[in-house]
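Examination of the molecular architecture
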Amino acid sequence: MSNKYVIKFAKEGYIKYTSHLDMLRLFKRAFKKCGIRLAHSQGFNPHPKMGFAQPLSLGYTSRCELLEFETMESQSTADLKEKLAAMMPMGIEILAAAPLNVSAKSLAGVVDEALYKVVFPVDASSADFDKIVADYLAQDEILAEKRQKKTKKMATVDIRGKIRKIAVGEGERLTLMMNLDCGSISNLSPEQVIASFVKFAELPIDRYDIEVERLEIMFEKKAGIKLQF
Amino acid sequence: MYVNEKLNNLLKRVEKPARYIGGENHIVMKDPADVKARFAFAFPDLYEIGMSYMGLQILYNIMNKKEDVYCERVFAPAPDMAGLMKEEGIPLFTLETKTPVKEMDFFGFTLQYEMSFTSILDMMQQAEVPMLSADRGEDDPIIVCGGPCAYNPEPLADFVDIFLIGDGEESLPKLMERYIEAKEKGLSKREFFELIAGDTGVYIPSFYDVKYAEDGKILAYEKNYEGAPDRVQRYIIDDIEDVPFPEEPLVPLIETVHDRSVIETFRGCTRGCRFCQAGMIYRPVRERSKDKIMDLARKQLASTGHEELSLLSLSTSDYSQFEPLAIELMRECKAQNVSLSLPSLRLDTFSFNVLEEIQGYKKSGLTFAPEAGTQRLRDVINKGITEKDIFDAVEQAIELGWKHIKLYFMIGLPTETDADLDGIADIARRIVEIHKNSGKGGRFNVTVSVSNFVPKAHTPFQWAKQDTTAEFTRKHNYLFEKLKMKGVTFNYHDDSVSTLEAIFARGDRRLSSLLLEANRLGCKLDGWSEHFSLEKWHQAIENAGVDVDFYTTRGREYDEILPWDIIDSAITKKFLLSEMEKATKETVTPDCRYGCRGCGINARTTCKLGGIYEQ
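Residues numbered from 1 in each chain as written. Chains lettered and ligands numbered in written order. Predicted model: local features only at pLDDT ≥ 70, side-chain atom pairs only at ≥ 80, totals over all residues.

**Comments concerning the overall build of chain A**
A count of helical and extended segments in chain A gives four helices and ten strands. Computed over its C-alpha atoms, the radius of gyration of chain A comes to 19 Å, within 12% of the 17 Å expected for a compact globule of 229 residues. Principal-axis analysis of the C-alpha atoms places the extent of chain A at approximately 55 × 35 × 35 Å. Of all 229 residues assigned to chain A, the portion counted as buried reaches 29%. For chain A, contacts bridging at least 24 residues in sequence account for 74% of all contacts bridging at least 6. (Helix = DSSP H or I, 4+ residues; strand = E, 2+ residues; numbered from the N terminus. Rg over C-alpha atoms; globule rule 2.2 N^0.38 Å. Buried ≥ 20, exposed ≤ 12 C-beta atoms within 10 Å, placed from the backbone. Contact = placed C-beta atoms within 7 Å.)

Printed below as a string of structure tokens:
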């Protein structure tokens, strides 16, 4: 039996401004400090078997982040949680740890949807946002600007097919709950939805005053993932 | 979790926002209401540079051990962040509590290199603290500076309230105690300065007036406060064994220049290279015991999770117990799966064995610093390395499979001629040849890095002339032609930057007008080629009416009053003078472990290693 585990953690406060690569380094150091030895890949340049189910964009907060990893020795999940929690800087909270007994090669490979909560600096009662959202979604196509990976040029793409659901949430400020495609097969960044929605709704606001929180990461149904936190 | 909304907005718009957030592992959080003195430790450069500086970690640790003191950090914001902060009206703030620096009791800068001076003024401006001491009031923070450039504090004299000269681990906490004492007595700033004026290591520049002669030279330093000392004695810690060293250093969230554990093995150097300021101002050699070093290494690695360990000193191999220490460190690092990095090794057989062990097939380049191209010039500068040393080591290195040799030289040294430049090319050529003759084949590269000589205060070469910018350029072009060889790469420093460094390295108080002009024209982060603007500096020099040659290419008379004479480094002028004289006669002064050379340090403290190898 392999020593695969997953931890769920929160990333809140100023530390949301650290990148996903810096978070990987942080966890790598934390494991070393705890004396937990990670399994490494084979090859000339071995790297530790550890990764996020889905990287979180710089500036987003979350209470549902998942880190999967494989250790050399078997661990008790209670121990894992306690030891790692003691090593975390302000803003990172280890919420749970669980063994990872899944047939899938990795969680990262079977992520297919994520739920985001987006808070706009707009009074929720300043317009009928239920209707605006409905109209926004009723468009035949929703065009958004996206930088092409290869050419680095901006291209216009239709993102409608990747939006699964958008609902207006509770709150004094306009809050949108967005279910979007996420993962390696089809992925949609909340940034594109935010940009196109702000334009559509003609909101006189600055992107930098909008806050995004990830609420949930979901997996392909057929992968049958049940994390036992 | 509380996040300042305005700041939160800005952080989304800048590169590497984590530079400004604090929150690292081992950050010290205190309630400012619980302390009596708040100190903003400022490094006048970007976060990534400042956080790689061990002195910050040392002082942060020591200061925060004091219950009634809170030491927080602040770095120079990158231009994108600085611009937005200005636009949004956010003054410079500390990383720990995001408190505006202007609300602190102290705003302290470490002076590591001359080209950071403009960033100091810029940071004061961003903090909304008046730059000139004379313009600051009772409510403004006290500006305090320390570090190697404080050994010629004069270019900053009009901006800084207190310079702390010497080892800061004791003098800085002491300054805090004095401040709290003064605060409780309700003393004014001026009264506080008077109170501490006689403390060892404390230099209050406003207590002295400088008189100049018509030719621009200094006539006299006149005290305007009787209690100020005639000369400020450098603060010396006799023994560093028990001086607290960080066991739990701050671990940055983002990558910095060096992400590794670092242990200082010793302070000071006995070699006596005549151009080297560090080799003079950190005397005598004071070592930590091997057991202490091992203990600190274990604790730092355990508390940080770092994957690399390095040692800090002016010359790694000169540690008196180097061989047993290296063996023990190698064992420890191997057991912990940590890589060991040993900078500036003297390349003898033992070092090669160590390097072979710690680097194996992942060999980095092998580095030598002959500093000068001929034996004659190496004798002038007292760099005790011979051609035989270099070529024997290179042969051994090539045999062991090294593919890259790095050589460091300085040009513009006193008495240098083109024959000495030819010597640089000759060394490079012969190394390529040694590789060719070794039959090893394959790719092989020699990198020749050339820096420009900048005469420094408190060194034997403090009286020396510097080359003109044009002469540096000519020498670079000359070397460029000479070094057009297969397998040789040639790097060199910016000539005009070296000229500017030299202005400040030996400058006087009148340079405050130049710094103010440079600041007004927007000079900052001048250590970065992408931010450095030669046009602005030329303009500033013109506007301020500074005679560059007066500071750079002019040799000083031996009896001239030098701006930094006010600082007593504990190395006597007599010694520096005799070393300068010996340089002109091409005479070497051997390492003082083989016999005391009379530098004067033992009049102030015990020099434990002086003469230890004397027959």
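**Quick word on the overall build of chain B**
Counting its secondary structure elements, chain B contains 20 helices and 19 strands. In terms of overall dimensions, chain B is globule-like: its C-alpha atoms have a radius of gyration of 24 Å, near the 25 Å expected for 615 residues. The principal-axis extents of the C-alpha atoms in chain B amount to approximately 75 × 65 × 50 Å. In chain B, which comprises 615 residues, the proportion classed as buried is 46%. In chain B, of all internal contacts separated by at least 6 residues, the share reaching a separation of at least 24 is 76%.

**Comments concerning the domain arrangement of chain A**
Residues and elements named next belong to chain A. By the assigned domains, chain A splits into domain 1 (4-101) and domain 2 (110-219). Computed over C-alpha atoms, the centres of domain 1 and domain 2 are 28 Å apart. Facing eight residues of domain 1, the contacting portion of domain 2 comprises ten residues. Class assignment for the residues of the side of domain 1 that touches domain 2 results in five nonpolar, three polar and no charged. (Domains from an automatic or database assignment. Nonpolar A, V, L, I, M, F, W, Y, C, P; charged D, E, K, R; others polar.)

**Some remarks on helix H3 (residues 54-65) of chain B**
Two residues of an α-helix separated by three or four positions point the same way, owing to the 3.6 residues in each turn. Residues and elements named next belong to chain B. Compared with an ideal rise of 1.5 Å per residue, which puts twelve residues at 16 Å, H3 spans 17 Å between its outermost C-alpha atoms and is within 8% of the ideal. Along H3, the residues classified as buried are Leu-56, Ile-58, Leu-59, Tyr-60, Asn-61, Ile-62 and Met-63. Looking at the buried residues of H3, the elements they touch are strand E1 (37-43), helix H2 (47-50), strand E2 (69-75), strand E3 (106-110) and helix H6 (168-185). (Expected span 1.5 Å × (residues − 1).)

**What about the sheet that holds strand E13 (residues 308-312) of chain B?**
All names here are of chain B. Strand order in the open sheet formed by three strands is E10-E13-E14, with parallel pairing between adjacent strands. Looking along the sheet, the strands with just one partner apiece sit at the ends: strand E10 (261-264) and strand E14 (339-341). Across this sheet, the average inter-strand angle for adjacent strands is 20°, counted without regard to direction. Where E13 meets E14, three bridges bridge the pair, whose relative direction is parallel. From the neighbouring strand, Ser-310 faces E14, where its bridge partner is Ser-341. Sitting on the sheet, helix H9 (residues 290-304) is in contact with E10 and E13, with an inclination near 160° to E10. (Pairing = 2+ DSSP bridges. Axes fitted to C-alpha atoms, helices over the stretch in contact; angles between N-to-C directions.)

**Quick look at the sheet that holds strand E5 (residues 162-164) of chain B**
Working definition: the strands of a sheet are paired by backbone hydrogen bonds and lie parallel or antiparallel to each other. Spatial strand order, E2-E1-E3-E4-E5-E6 (chain B): six strands in an open sheet with mixed pairing. Edge positions in the sheet fall to E2 and strand E6 (202-203) of chain B, since each has one partner strand and no second.

**Considering the packing of helix H5 (residues 117-126) of chain B against helix H17 (residues 512-520) of chain B**
Packed helices, taken two at a time, are described by the angle between their axes plus the distance between the axes. Residue and element names in this part refer to chain B. Two numbers describe how H5 lies on H17: the axes approach to 10 Å, and their chain directions differ by 65°. Like other packed secondary-structure pairs, H5 and H17 cross with a definite hand, here right-handed. Here Phe-117, Thr-118, Leu-121 and Asp-122 of H5 lie close against H17, whose contacting residues are Leu-515, Ala-518 and Asn-519. Split by residue class, the contact of H5 with H17 holds four nonpolar, two polar and one charged. (Left-handed = near helix turned anticlockwise from the far one by under 90°.)

**Structural notes on the domain arrangement of chain B**
All names here are of chain B. The domains assigned to chain B are domain 1 (5-166 + 168-233) and domain 2 (238-341 + 585-615). Computed over C-alpha atoms, the centres of domain 1 and domain 2 are 27 Å apart. In this complex, domain 1 contributes 22 residues to the contact, which on the side of domain 2 involves 20 residues. Every element with two or more residues in the side of domain 1 that touches domain 2 is listed here: H2 and H3. Looking at which element gives the most residues to the side of domain 1 that touches domain 2, the answer is H3, with seven residues. Partitioning the side of domain 1 that touches domain 2 into residue classes produces ten nonpolar, six polar and six charged.

**So, the pairing of E10 of chain B**
All names here are of chain B. Side chains of E10 alternate between two faces, with Ser-261 and Ile-263 and Val-262 and Glu-264 buried alike. Inspection of the sheet shows E10 paired to E13 by four bridges, in the parallel sense. Looking at E13, one finds that Ser-261 is bridged to Leu-309.

**Considerations on the environment of Gln-300 of chain B**
As for its position among the elements, Gln-300 of chain B is in helix H9. Setting aside residues up to four positions removed in sequence, Gln-300 of chain B forms contacts with Glu-247, Pro-249, Ser-261 and Ile-263 of chain B.

**Re unusual backbone geometry**
All names here are of chain B. Of the consecutive residues Arg-283 and Pro-284, the connecting peptide bond is found in the cis state with omega at -5°. Looking at the secondary structure, you find Pro-284 in the loop between helix H8 (278-281) and strand E12 (286-287). Although it is not a glycine, Glu-371 sits at a positive phi angle of roughly 65°. Following the sequence through the fold, Glu-371 ends up in strand E15 (residues 366-371).

**Remarks on the packing of helix H13 (residues 387-399) of chain B against helix H14 (residues 418-438) of chain B**
Residues and elements named next belong to chain B. Put simply, H13 and H14 touch, their axes get as near as 10 Å, and they point 35° apart. Every pair of crossing elements has a handedness; the one defined by H13 and H14 is right-handed. On H14, the residues touching Ile-390, Phe-391, Val-394, Glu-395, Ile-398 and Glu-399 of H13 are Ile-427, Arg-430, Ile-431, Ile-434, His-435 and Ser-438. Here the residues of the contact of H13 with H14 are counted per class, giving seven nonpolar, two polar and three charged.

**Structural notes on the confidence of the model for chain B**
Predicted coordinates in regions of low pLDDT should not be interpreted in detail. On average, residues of chain B carry a pLDDT of 95, and 99% of them reach 70 or more. Among the prediction metrics, the complex's ipTM stands at 0.93, with pTM recorded as 0.95. (pLDDT = per-residue confidence, 0-100.)

**A look at the confidence of the model for chain A**
When pLDDT is averaged along chain A, the result is 94; 100% of the residues meet or exceed 70. For chain A, strand E6 (residues 143-147) of chain A is the element with the lowest average pLDDT, namely 87, and strand E9 (residues 173-181) of chain A is the one with the highest, namely 98.

**Concerning the environment of Gly-183 of chain A**
Residue and element names in this part refer to chain A. Residue position: Gly-183 is located in the loop between E9 and helix H4 (190-200). Each C-alpha atom, one on Gly-183 and one on Pro-55, is 9.5 Å from the other, the two residues being 128 residues apart in sequence. Other than its neighbours up to four places away in sequence, Gly-183 contacts Gln-54, Val-111 and Asp-112.

**Topic: the environment of Leu-56 of chain A**
Within the secondary structure, Leu-56 of chain A sits in the loop between strand E2 (50-52) and strand E3 (61-70). Here the alpha-carbon distance between Leu-56 of chain A and Met-23 of chain A, two residues 33 residues apart in the chain, equals 9.8 Å.

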